[in-house]
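Analysis of the macromolecular model
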Amino acid sequence: MTGRGLGPTAGALRHVVLMAGAVIMLSPFVWMVLSSFKPQSEILTAELTFLPQRWAAIENYATVWTRVPMGRFLLNGAIVTASIFALQVLVNLPCAYALAKLRFRGRRALFAVVLLGLLIPIHATAIPIYILFHHAGILNTYAALILPFAISVFGIFMLRQFFMTVPDDLIDAARIDGVSEIGIVWRVMLPTAMPAVTAFGIFSVVAHWNDYFWPLIAIGTRELYTPPLGVAFFRLNDGGTEYGVLMAAATIVIMPLVAAFLLAQRRFIEGVTFTGLKG
Amino acid sequence: MVIRGLVKNFGDTRVLNGVDLDIGAGEFITVLGPSGCGKTTLMRIIAGLERQDAGSVEIDGRPVDALRPNERDIAMVFQSYALYPHLTVFDNIALPLRMRRLSWRQRLPGMRRIDRSAQAIERGIAAKVREVAGLLQIEPLLARKPAQLSGGQKQRVAVGRAMVREPRVFLMDEPLSNLDAELRVHMRAEIAQLHRRIGVTFIYVTHDQAEAMTMSDRVVVMMGGRPLQFAPPGDVYADPEDLQVARFVGSPRINTLPGTVHAGGSIEVGGLAVPFDTGLAPGAQVTVSLRPADTKIALQTPDTAGADRAGRELAATIVHRENLGSDLFLHCRVEGIDATLVAREDPGKVGLLPVGAEIRIGLPVEHLLAFDASGRRVRPGGRMTSLAQPAAA
Amino acid sequence: MTPLVKPAQDLHHAYRRRDLREALAALALAGPASALIFVFLIAPLVCIALLSLTDYQLGAKALRFVGLHNYSEMFADRVFRRSLENTLIYVSVVVPLSVGLGLGAALLIEAGESLRAFYRTVYFLPVMATLIAMAIVWEFALHPKLGLVNLALKSVGIAGPDWLHDRHIVLYTLAGIGVWQSVGFNMVLFMAGLQAIPRDLYEAAAVDGVSNAWDRFRTVTWPMLGPVSLFVIVITAIRSFQVFDTVQVMTKGGPNRASEVLLYTMYSEGFEFFRTGYAAAVTMVFLAFVLALAALKTWFLDRRVHYA
């Protein structure tokens with residue numbers, strides 16, 4: 001930010017402060033992983049130790065896996081997040097294109113509604129959607145987890161802003177070449193918008209893999225639990241005081257996203273900030 | 001192609017104000033005009049990308065107003081080239097053919113690997129793409145993406161994509177304006193050759209008169225949403241129908257002088273009575289103009305200052321000189337009237353004509369063009385020409 | 001052969017088919033999204049407003065219009081007032097800390113070259129991690145006897161409190177976790193803001209005699225970051241209004257309602273006690289706050305200046 005390097009003292013001070021912060025940011029993760037390696041007896045000694053004296057990693061993780069269908073939870077999480085993202089692209093990308101490049105009646109009104117929708121969190125609409133799903137008889141299904149998020153006004157807004165920057169000539173060229181409007185969306189706009197779609201995808205996957213509020217409301221059967229529900233359920237029913245096992249469960253739930261994040265940090269940070277405007 | 005009574009409004013602004021054109025098959029037509037004259041809108045209406053508010057467009061005797069762009073059998077080269085950034089050059093050129101020849105099911109991802117008949121069609125497309133690429137000498141580029149191409153290469157690919165479908169009409173919207181000057185001259189020649197070779201109708205929109213003059217069979221000069229003249233390039237320059245055309249075409253700009261019609265078939269310009277029978281009522285205001293190339297000057301020396309010549313020449317002073325090497329342009333302030341004339345002279349005379357020199361300018365009647373108060377051309381003999389008649393094509 | 005000017009009627013006719021095609025295309029492209037927006041956004045918003053005026057209970061066959069009864073009951077209810085108060089306290093603790101620390105981290109990280117990527121990754125990690133799992137980890141780490149925090153305090157001779165069961169502390173403990181989780185997000189937003197500041201400005205300031213880091217910050221960085229900061233503040237406020245996961249899993253609003261927050265109240269009234277009408281009224285209050293903040297955000301965005 002300063003446009004020039006810091007002096008040696010200031011540089012060292014910078015590292016001292018940032019390292020202290022880093023320790024605070026990281027310690028829950030380190031604590032979680034190390035505890036997941038420790039047997040219950042060592043945890044109950046109430047002493048601050050770093051590495052376990054007796055490694056109980058395998059039994060802790062195996063306990064999680066045998067006591068709850070953890071694989072099923074992860075699979076549910078993958079199915080739900082992937083379906084949500086696929087549907088979001090399918091529904092919102094064409095709408096974003098129409099809003100950006102077509103003239104049709106009701107376009108301004110639709111865009112105004114999209115802007116309004118940006119302000120509304122899912123929490124505000126949860127009760128009516130719950131009632132609707134109750135009457136439709138689709139509570140406790142994948143559909144209940146997926147459908148409310150098939151529409152993403154934020155996705156529409158973001159992709160529309162991106163499409164506004166695509167030159168009209170490209171679309172006109174495609175029309176002259178005989179590509180239909182629907183063809184333009186998938187053959188021309190989607191490939192052109194890949195960076196924006198990727199950023200949105202990361203945002204969407206992170207948000208819905210981690211979501212707890214809506215699955216908690218919509219799902220009652222264990223078979224359909226997503227990872228956050230699974231780990232909360234595990235704490236409540238099976239491993240509330242078996243801390244090593246509980247930490248192993250938490251580690252399993254956190255791992256997929258954290259691993260993906262560490263592999264593609266820049267994209268993740270871009271994706272989440274880019275979309276940070278949502279609030 | 002026949003265009004009749006085309007009108008287009010954008011909100012309250014009328015961008016096309018009654019355009020009529022008859023274009024012969026195989027002609028190279030340039031639409032020339034300053035930016036905002038409606039030439040691009042005209043092209044977009046012909047392409048079907050924009051809709052007119054009145055009038056019609058016919059291609060080969062068939063009205064195309066109800067047809068979508070891809071049904072009109074036209075191709076278009078855009079100013080920005082509008083290449084698909086995610087497709088290779090090959091796929092860019094192949095796309096219009098795939099859209100026509102393959103059914104939507106055959107176009108689905110992966111289908112071309114399974115469907116036998118699609119494979120056969122695809123082979124035909126590949127052959128056609130290679131043929132076009134060979135013609136444009138872009139074969140080595142077929143595997144590249146547009147981002148890896150230079151401006152000139154992109155331009156060729158855009159032409160290739162338009163050519164490959166063998167359209168009846170080729171539309172080009174300022175296709176050279178994004179190229180550097182040298183390449184522009186080169187591509188001008190190439191496009192003209194291309195036209196001779198494939199022989200279909202070309203409609204070429206530009207604001208660059210050099211392009212219009214060098215490539216086309218006929219030029220449409222458009223101003224303020226209407227065509228002012230539709231004629232071969234030479235006529236547009238030498239025989240403009242309208243003062244705006246005269247001013248727009250030719251560089252440096254044509255000289256203009258205010259004049260008044262006198263009784264007895266003459267125009268009074270800066271105190272001179274020029275014999276020019278306009279047929280207009282005495283007292284009418286006209287504009288007299290003269291190309292710089294036809295503006296001849298002479299140094300005012302004691303022997304040329306004779307009374308016999310003074311009646312036919314304007315007295316002026318050189319105020320500025322531009323020596324371009326091949327030409328010498330002299331800006332001369334005319335005494336008595338507030339006007340500056342530009343004269344083209346032989347650069348060899350540069351030593352003789354310093355700034356500040358007093359000179360005389362003749363007004364050769366055979367080169368004078370006169371325009372009435374509304375800007376219409378008036379010819380000697382009192383004939384007043386009407387607006388651009390479509391020439392027989 | 002052809003008429004000179006085709007009558008407009010003819011043109012109109014010619015366009016009919018194209019009009020229809022274009023209308024159908026727009027419908028095919030924007031229709032599904034519009035329908036879903038109606039079903040999942042507009043209709044629920046209308047419903048929630050209407051439900052808040054009824055005594056509807058989830059599963060009940062009938063409902064009765066009760067006017068503003070839910071609202072008067074709500075504002076008379078100690079639990080709700082406590083919940084609203086707690087939420088406001090939570091927000092007012094999290095926002096300044098999270099924004100301030102985020103800005104500090106961004107400035108410090110960008111100030112030097114070394115370990116920049118490392119710090120950015122570490123500070124951003126909590127943003128990515130599943131909050132509910134981390135809440136469980138924190139719960140264990142804050143365990144009065146076995147937890148990391150109190151063990152660490154004990155090693156330096158401090159007896160740590162019972163973070164989650166002391167009603168004077170619990171709300172601040174939750175706010176601390178909220179700060180921990182959101183600092184990285186704000187940091188990254190500030191970094192983007194910092195990178196958008198043209199380098200010339202620093203050079204110009206140097207030429208003008210601005211020499212030390214603090215003056216540089218005051219004359220260039222802070223004025224240029226102003227709009228970003230307002231934006232980050234509002235976003236953080238909206239996000240912290242939505243605090244739910246940690247409360248639901250760690251405290252259930254306890255002890256003795258000391259950590260009851262708006263969304264948790266809405267959740268327990270609506271989905272545990274099935275008092276849907278009342279929960280709808282709570283939602284309306286929540287929505288009023290969020291909309292007010294969002295309106296503020298839009299207002300700021302509209303007024304955004306300086307190279308935005």
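About the cut-offs
- Residues numbered from 1 in each chain as written.
- Chains lettered and ligands numbered in written order.
- Predicted model: local features only at pLDDT ≥ 70, side-chain atom pairs only at ≥ 80, totals over all residues.
- Heavy atoms only, no water.
- Helix = DSSP H or I, 4+ residues; strand = E, 2+ residues; numbered from the N terminus.
- Contact = heavy atoms within 4.5 Å.
- Domains from an automatic or database assignment.
- Buried area = accessible area lost by both parts, 1.4 Å probe.
- Salt bridge = Lys/Arg side-chain N within 4 Å of Asp/Glu carboxyl O.
- Polar contact = N/O pair within 3.5 Å; in protein donor to acceptor, adjacent residues only side chain to side chain.
- Nonpolar A, V, L, I, M, F, W, Y, C, P; charged D, E, K, R; others polar.
- Buried < 20%, exposed > 50% of the residue type's maximum accessible area, 1.4 Å probe, protein only.
- 1 Å grid on protein atoms, 1.4 Å probe; cavity = no way out; pocket = protein on both sides within 12 Å on 5 of 7 lines; lining within 4 Å.
- Points joined across faces, edges and corners; volume = space filled by probe spheres on them.
- Core = buried A, V, L, I, M, F, W, Y, C linked by side-chain atoms within 4.5 Å.
- Pairing = 2+ DSSP bridges.
- Axes fitted to C-alpha atoms, helices over the stretch in contact; angles between N-to-C directions.
- Phe/Tyr/Trp six-rings, centres within 6.5 Å; stacked < 30°, edge-to-face > 60°.
- Lys NZ or Arg CZ within 6 Å of the ring centre and 35° of its normal.

**Some words on the side chain of N210 of chain A**
- Tracing the chain through its elements places N210 of chain A in helix α11 (residues 194-210).
- Those residues within four positions of N210 of chain A in sequence are excluded, and the remaining contacts are P228 and L257 of chain A together with V127, M128, A129, T130 and D245 of chain C.

**Some words on the domain arrangement of chain B**
- Here chain B is described as being made up of domain 1 (2-243) and domain 2 (254-390).
- Using C-alpha coordinates to define each centre, domain 1 of chain B is positioned 42 Å away from domain 2 of chain B.

**What about the interface of chain B and chain C?**
- The interface of chain B with chain C comprises 18 residues on the first partner and 13 residues on the second.
- When chain B packs against chain C, the two sides together hide about 1400 Å² of surface, and 47% of this comes from carbon and sulfur.
- Counting the contacts that link chain B with chain C gives 2 salt bridges.
- Residue D19 of chain C is joined to R51 of chain B by a salt bridge in which the shortest nitrogen-to-oxygen separation is 2.4 Å.
- Counting every contact that joins chain B to chain C gives 2 residue pairs in polar contact (both at pLDDT 80 or more).
- Of all the elements, strand β4 (residues 54-59) of chain B adds the most residues to the side of chain B that touches chain C, at 4 residues.
- Residue composition of the side of chain B that touches chain C, by class: 5 nonpolar, 5 polar and 8 charged.

**Describing the interface of chain A and chain C**
- At the interface, 93 residues of chain A touch 99 residues of chain C.
- For the chain A and chain C pair, buried surface summed over both sides reaches about 8500 Å², with 79% attributable to carbon and sulfur atoms.
- If you look at where chain A meets chain C, you find 1 salt bridge.
- One salt bridge connects E139 of chain C with R235 of chain A, and the closest N-O pair in it is separated by 2.7 Å.
- Linking chain A to chain C there are 16 residue pairs in polar contact (both at pLDDT 80 or more).

**A word on the side chain of H123 of chain A**
- Position of H123 of chain A among the secondary structure elements: in helix α6 (residues 122-136).
- Residue classification places H123 of chain A among the buried positions, given a relative accessible area of 8%.
- Sequence-distant contacts of H123 of chain A, that is, excluding residues within four places in its chain, are made with F213 of chain A together with Q242, L263, M266, T283 and F286 of chain C.

**Looking at the layout of surface pockets**
- In this structure, the largest pocket spans a volume of roughly 1400 Å³.
- Lining of the largest pocket is provided by 45 residues; of these, L102, R103, R175 and E181 of chain A together with E22 of chain C occupy positions nearest its centre.
- Mapped by element, the contributors of at least two residues to the lining of the largest pocket are α4 (70-101), α5 (107-117), α8 (153-164), α9 (168-176) and α10 (181-192) of chain A together with α1 (8-51) of chain C.
- Looking at the lining of the largest pocket element by element, the count peaks at 13 residues for α1 of chain C.
- Along the lines of polarity and charge, the residues of the lining of the largest pocket split into 19 nonpolar, 6 polar and 20 charged.

**Points about the nonpolar core**
- Core analysis: the largest hydrophobic core is formed by 237 residues, its most contacted members being F163 of chain A, L42 of chain B together with Y123 of chain C.
- Among the elements that take part in this core, helix α7 (residues 170-195) of chain C stands out by supplying 15 residues, more than any other.
- For Y123 of chain C, the residues in contact, after removing those within four places along its chain, are V17, L18, G21, A22 and M25 of chain A together with A105, V183, G184 and M187 of chain C.
- Residues A75, Y81, L97 and I138 of chain B belong to the second largest nonpolar core, which totals 37 residues.

**What to know about the environment of S229 of chain C**
Residue and element names in this part refer to chain C.
- Looking at where S229 falls in the secondary structure, it is placed in helix α9 (residues 213-241).
- Classification of S229 by relative accessible area gives buried; the value is 4%.
- Each C-alpha atom of the pair S229 and L103 lies 8.5 Å from the other, and the pair is 126 residues apart in sequence.
- Discounting chain neighbours no more than four positions away, the residues touching S229 are F190 and W222.

**Quick word on the sheet that holds strand β16 (residues 313-323) of chain B**
Residues and elements named next belong to chain B.
- Spatial ordering of the open sheet is given by β15-β19-β16-β17-β18, a layout of 5 strands whose pairing is antiparallel. Edge strands, defined here as strands with exactly one partner in the open sheet, are β15 (297-299) and β18 (340-345). The mean angle between the axes of side-by-side strands here comes to 45°, regardless of whether they run parallel or antiparallel.
- Examined bridge by bridge, β15 and strand β19 (residues 358-362) share 3 bridges and lie antiparallel to one another. In the sheet register, A298 faces β19, and the bridge partner there is R360.

**Side note on the packing of aromatic side chains**
- Under the definition given, this model contains 31 aromatic pairs over all chains.
- Between F261 of chain A and F124 of chain C, the aromatic rings sit 5.6 Å apart at their centres with planes inclined by 40°, giving tilted as the arrangement. With F261 of chain A in helix α14 (residues 243-263) and F124 of chain C in helix α4 (residues 116-128), this pair bridges two chains.
- Assessed through its relative accessible area of 0%, F261 of chain A is described here as buried.
- Ring centres of W214 of chain C and F217 of chain C lie 5.8 Å apart, and the angle between their planes is 25°; this geometry places the pair in the stacked category. Residue W214 of chain C and its partner F217 of chain C are both found in helix α9; the two are separated by 3 residues, about one turn of the helix.
- Under the relative-accessibility criterion, F217 of chain C is labelled buried at 15%.
- The ring of F230 of chain B carries the charged tip of R218 of chain B above its face, separated from the ring centre by 3.9 Å.
- Stacked on the ring of Y278 of chain C, the Lys or Arg R275 of chain C has its end atom at 4.3 Å from the ring centre.

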